[in-house]
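A look at the structure
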Amino acid sequence: MKVSIRSRERSLHIAVPTRMLFSKSFLKFGLKMGKKYSDQVPDIPPEAVDTLCDEIRRIKRKRGSWLLADIQSADGENIRVIL
């Protein structure tokens with residue numbers, strides 16, 4: 001996953017491995033920590049997390065890069081998230 005933030009003065013690029021971000025253990029840990037510190041985290045069954053991770057990895061292998069968000073402001077700032 002790549003996150004690019006560009007403004008007139010600066011640009012920032014962050015690359016996070018998709019395999020790590022959508023690993024089953026990483027998402028389960030994130031949900032567990034989210035429930036611990038917030039009441040807003042939904043109760044998602046572990047089987048659904050496993051299915052979601054498998055499907056995202058399958059789509060990534062089949063389709064390659066995938067633009068998730070491309071936001072442009074009136075000031076010329078641009079935020080782009082690519083899977």
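As a reminder, the structure under discussion sits directly above these lines.
Numbering of residues starts from 1 in every chain and runs along the sequence as written. In view of the model being predicted, local features appear only for residues whose pLDDT reaches at least 70, and side-chain atom pairs are presented and counted only at 80 or more, with totals across whole chains, interfaces and linings using the full set of residues. The basis for the side-chain values is all heavy atoms of the structure; hydrogens and waters are excluded.

1. Here's the deal with the overall build of the chain
Think of it this way: any DSSP run of H or I at least four residues long counts as a helix, any run of E at least two long counts as a strand, and we number them from the N terminus. A count of helices and strands for the chain gives three helices and four strands. In sequence order, the chain lays out its α and β elements as β-β-α-α-α-β-β. C-alpha extents for the chain along the principal axes are approximately 45 × 35 × 20 Å. Only protein chains enter the accessibility calculation, which uses a 1.4 Å probe; a residue whose area is less than 20% of its type maximum is buried, one above 50% is exposed, and one in between is partly exposed. Counting over 83 residues, the chain shows a buried share of 16%. When checking whether two residues touch, look at their non-hydrogen atoms; a contact exists if any pair is within 4.5 Å. In the chain, the proportion of contacts linking residues at least 24 apart, taken out of those at least 6 apart, comes to 41%. Per element, the accessible surface of the chain, about 6,600 Å² overall, is 56% carbon and sulfur. In these tables, accessible area is a Shrake-Rupley quantity obtained with a 1.4 Å probe, and a residue counts as shielded only by the protein chains included in the view.

2. Looking at the sheet that holds strand 2 (residues 11-15)
Ordered by their spatial adjacency, four strands build an open sheet running 2-1-4-3, and the pairing between neighbours is antiparallel. If you trace the sheet from one side to the other, it starts and ends with strand 2 and strand 3 (67-72), each paired once. When the angles between neighbouring strand axes are averaged without regard to direction, this sheet yields 5 degrees. Pairing between two strands is assigned when DSSP locates at least 2 bridges connecting them. Pairing of strand 1 (residues 2-6) with strand 2, which is carried by five bridges, proceeds in the antiparallel orientation. Whenever a helix is involved, its axis is fitted only over the stretch in contact; in every case the axis is a line through C-alpha atoms, and angles between N-to-C directions fall within 0 to 180 degrees.

3. A word on the pairing of strand 4 (residues 78-82)
Two strands pair when backbone bridges link them, and strand 1 and strand 4 are joined in this way by five bridges, in the antiparallel orientation. When the sheet's bridge partners are listed, Ser4 is paired in strand 4 with Arg80. Bridge count for strand 3 against strand 4 is five bridges, and the pairing is antiparallel. Among the inter-strand pairings, Asp70 is bridged to a residue of strand 4, identified as Arg80. Counting the residues that bridge the hairpin from strand 3 to strand 4 gives five residues, and of these Gly76 lies at a positive phi of roughly 95 degrees.

4. Observations regarding the environment of Ser23
Tracing the chain through its elements places Ser23 in the loop between helix 1 (18-21) and helix 2 (24-37). For Ser23, a relative accessible area of 17% gives the class buried. In this structure, the C-alpha to C-alpha distance between Ser23 and Asp50, residues 27 residues apart in sequence, is 8.5 Å. Excluding anything up to four places from it in sequence, Ser23 contacts Cys53 and Arg57. N or O atoms within 3.5 Å of each other form a polar contact, as long as, within protein, one can give a hydrogen and the other can take it, and as long as residues adjacent in sequence are counted only when both atoms are side-chain atoms. For Ser23, the side chain forms a polar contact with the main-chain nitrogen of Phe26, separated by 3.3 Å.

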